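Results of the structural survey
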Amino acid sequence: MERWNVATRTYEPVTSIAAAPDRTYRALVSLPLGETSYFRITGILADGTPAAVVHYSAARGDYV
């Protein structure tokens, strides 16, 4: 899982998430209060290369 860094204008790794058979994935990452963070999730194939499919998401840090 990667988060968009506005300063460098690139996605940077935040955490790794193991594949789950039920396709529900959870990652605990800090969210800056009042800011929207943009994430992307890219699967890694058995040979270590990134999968062609990328999922994008956004979250807002609304709670302390």
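Please refer to the structure placed before this passage.
The following refers to the structure shown.

Procedures and definitions
- Residues numbered from 1 in each chain as written.
- Predicted model: local features only at pLDDT ≥ 70, side-chain atom pairs only at ≥ 80, totals over all residues.
- Heavy atoms only, no water.
- Helix = DSSP H or I, 4+ residues; strand = E, 2+ residues; numbered from the N terminus.
- Buried < 20%, exposed > 50% of the residue type's maximum accessible area, 1.4 Å probe, protein only.
- Contact = heavy atoms within 4.5 Å.
- 1 Å grid on protein atoms, 1.4 Å probe; cavity = no way out; pocket = protein on both sides within 12 Å on 5 of 7 lines; lining within 4 Å.
- Points joined across faces, edges and corners; volume = space filled by probe spheres on them.
- Nonpolar A, V, L, I, M, F, W, Y, C, P; charged D, E, K, R; others polar.

Turning next to the side chain of S37. By secondary structure assignment, the location of S37 is in strand 3 (residues 36-44). Note on S37: relative accessible area 6%, which makes it buried. Residue contacts for S37: discarding those within four places in its chain leaves R3, L31, P32, S57, A58 and A59.

Of the voids in this model, the largest pocket is the one considered here, and its volume is about 530 Å³. Along the walls of the largest pocket sit 18 residues, with I17, I41, T42, G43 and I44 positioned nearest its centre. Counting only elements with at least two residues in the lining of the largest pocket, the list comes to strand 3 and strand 4 (50-60). For the lining of the largest pocket, the element with the highest residue contribution is strand 3, accounting for 5 residues. Its residues placed into classes, the lining of the largest pocket shows 11 nonpolar, 5 polar and 2 charged.

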